[in-house]
Amino acid sequence: MTRLLSFVLRLLLGGAFVFAATLKIFDPASFANDIAHYRLVPHLWINFIAITLPWVELTAGLALIFGFWRRASALVLLALTVVFLIAISQAIARGLDIRCGCFGTIGAGQIGWRNLAIDGALMAMAAWLVWREKNERLGGACEKDGSIVAP
Amino acid sequence: MARTLWRALMIVAASLLVGLGVNAFRADLAPSGQPRRLPLVTPPKADLAAGEIVAMTEAEQLWNEGVAFFLDSRTSADYQAGHIAHAHSLPDEDFASRYGDVEPLLTRDAEIIVYCDGVECDLSHRLLEKLRALGYPRVRVLVNGWSEWRKAGLPTATGAQP
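Keep in mind that this is a model prediction, so the values were computed, not measured. (Residues numbered from 1 in each chain as written. Chains lettered and ligands numbered in written order. Predicted model: local features only at pLDDT ≥ 70, side-chain atom pairs only at ≥ 80, totals over all residues. Heavy atoms only, no water.)

## Some words on the sheet that holds strand β5 (residues 139-142) of chain B
Whether parallel or antiparallel, the strands of a sheet pair through hydrogen bonds between backbone atoms. All names here are of chain B. Quick note on the threshold: Here, any two strands with at least 2 DSSP bridges between them count as paired. Numbered from the N terminus, helices here are DSSP runs of H or I no shorter than four residues, and strands are runs of E no shorter than two. Residues are treated as being in contact if the distance between any of their heavy atoms lies within 4.5 Å. Axis angles are defined between N-to-C directions and span 0 to 180 degrees, where every axis is a line fitted to C-alpha atoms and, for a helix, only to the segment in contact.
Taken together, four strands build an open sheet; the order of strands is β3-β1-β4-β5 and the sheet is parallel. Of all the strands in the sheet, just β3 (88-89) and β5 have a single pairing partner and so form its edges. When strand β4 (residues 111-115) meets β5, the two strands line up parallel, connected through four bridges. Bridged to Val114 within β5 is Val141. Across the face of the sheet, helix α5 (residues 123-133) comes into contact with β1 (68-72), β4 and β5 while running at roughly 175 degrees to β5.

Written out as structure tokens, the structure reads:
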């Protein structure tokens, strides 16, 4: 049962990040602007982050979906959600009138608790997977009774 | 756990290399004339130079004469809710995708006035930097433009682009 849950969560979490990453990879300039509006990182870093961060999301998301280095990729996504949590929280606390930029220009409304809730849900999924996926394996895995379950 | 950490770092490192690699080869990042690749954003300056600010009285005069091109750097939603009459929308955050809309309307020596809302707002500032980088030397910021314009009771409009 937990295997099935793991599988579903991997698809959900990985899928969310692959989706978000793809949007940002196609429009790095908008993403760079979104990062700038958070007023959190020095300007020298903004372009670098805008160019590379979506690829980290994409790689880790794909790895998680295809079951490659599951625990490590879940750990990367967990770290990302923690960073996002800090960024979104400080934006709300400072009352910045900005958009999240989390999923590219989709949902371009002002940043708020909704973004925080989505990030919290993703963080919980990632944390659970890091905790659960102790046995990392390429491809499918066998249950104790020998039945093959989805990778 | 050490192995997991090591693998996580490898995922990040590989992603950075791919990201930078792809970025070095793609040419679609910018509309015409804008510098490609880096920098995607222009750093804000602490303060505007004197030549980069237009006073309210002069802005009003230029507007009355119809010789200045007003650009609203706020979001599209803000623009549609209300903007300086005859101003065009060019949200700073969508600059790359929206610049093409106003480019045909501008000449290089055009008198351009950019504005947003609030003394702290730096959207117009960022827009000024971008436009200057593209070769429009006569761009100036109307500080706290939207508020000041309304306070002065000057003509406004609502809805999409004129």
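## Notes on the environment of Trp128 of chain A
Assignment of secondary structure puts Trp128 of chain A in helix α5 (residues 113-132). Separated by 50 residues in sequence, Trp128 of chain A and Leu78 of chain A have C-alpha atoms that sit 9.5 Å apart.

## What about the interface of chain A and chain B?
Note the cut-off: Note on definitions: buried area is the accessible-area loss of two parts on being combined, 1.4 Å probe, summed for both. A 3.5 Å cut-off defines polar contacts: any pair of N or O atoms within that distance qualifies, except that in protein one atom must be a possible hydrogen donor and the other a possible acceptor, and neighbouring residues in sequence count only when both atoms are side-chain atoms. Side-chain classes are defined by residue name, with Ala, Val, Leu, Ile, Met, Phe, Trp, Tyr, Cys and Pro counting as nonpolar, Asp, Glu, Lys and Arg as charged, and the others, Gly among them, as polar.
Every contact between the two is made by 30 residues of chain A and, on the other side, 31 residues of chain B. Across the interface of chain A and chain B, roughly 2900 Å² is buried in total on both sides, 67% from carbon and sulfur atoms. For chain A, the biggest contributors to the area lost against chain B are Ile51, Trp55 and Trp69 of chain A; these three give 20% of the whole. Between the two partners, chain A and chain B, sit two residue pairs in polar contact (both at pLDDT 80 or more). The set of elements that each furnish at least two residues to the side of chain A that touches chain B consists of α1 (2-26), α2 (28-38), α3 (43-66) and α4 (70-93) of chain A. Split by residue class, the side of chain A that touches chain B holds 17 nonpolar, nine polar and four charged.

## Points about the pattern of salt bridges
Residues and elements named next belong to chain B. Keep this limit in mind: Salt bridge, as applied in this entry: a Lys or Arg side-chain nitrogen positioned within 4 Å of an Asp or Glu carboxyl oxygen. Burial here depends on accessible area, computed with a 1.4 Å probe over protein chains only, as a share of the maximum for the residue type. Under 20% is buried, over 50% is exposed, and the range in between is partly exposed.
Using the criterion set out here, one finds nine salt bridges over all chains in the structure. Across the pair Glu58 and Arg140 runs a salt bridge, and its minimum N-O distance is 2.9 Å. With Glu58 in helix α2 (residues 56-65) and Arg140 in strand β5, this residue pair connects regions lying 82 residues apart in the sequence. Given the relative accessible area of 31%, Glu58 is considered partly exposed. Between Lys130 and Asp92 there is a salt bridge, and its shortest N-O distance comes to 2.7 Å. In this pair, Lys130 sits in helix α5 while Asp92 sits in the loop between β3 and α4 (95-102), placing the two residues 38 residues apart along the sequence.

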